[in-house]
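Summary of structural features
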Amino acid sequence: MATLLSDLLPGQIGRVVKICGKGPIARRIFDIGIVPGSLLEVQKFAPLGDPMEIKVKSFNLSLRKNEASFIQVERIAAETDCPA
């Protein structure tokens, strides 16, 4: 089930399904390496909840929640979600 990147919580992992924005916002998202099929992990949120830090491939990025709301992801179970 697809959800928005902005709705994921720290520690959750998602696979990019679709970039919904158009024009400069979509271009910026593609330019920073977020493309369909990429795995993203939410690292943390700023103290007031915006921006959010995500891990893409082997680097960390900060995105405004507004920008993250243009990215549809498929939630993937984190390793910590698996029963022991």
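A brief structural summary. Every value quoted in this text rests on a predicted model; they were computed, and no experiment measured them. (Residues numbered from 1 in each chain as written. Predicted model: local features only at pLDDT ≥ 70, side-chain atom pairs only at ≥ 80, totals over all residues. Heavy atoms only, no water.)

Attention now moves to the sheet that holds strand 1 (residues 2-4). In spatial order, the strands read 1-6-2-3-4-5; together these 6 strands make up an open sheet with antiparallel pairing. Only two strands of the sheet have a single neighbouring strand rather than two, namely strand 1 and strand 5 (59-63). Adjacent strand axes in the sheet meet at a mean angle of 45° when their direction is disregarded. Both strand 4 (residues 52-56) and strand 5 contribute to a ladder of 5 bridges, which runs antiparallel. Considered in strand 5, the bridge of Ile 54 is made with Leu 61. (Pairing = 2+ DSSP bridges. Helix = DSSP H or I, 4+ residues; strand = E, 2+ residues; numbered from the N terminus. Axes fitted to C-alpha atoms, helices over the stretch in contact; angles between N-to-C directions.)

What follows is about the side chain of Ser 6. Secondary-structure assignment places Ser 6 in the loop between strand 1 and strand 2 (13-19). Apart from the residues within four sequence positions on either side, Ser 6 is in contact with Met 52, Lys 65, Ala 68 and Ser 69. (Contact = heavy atoms within 4.5 Å.)

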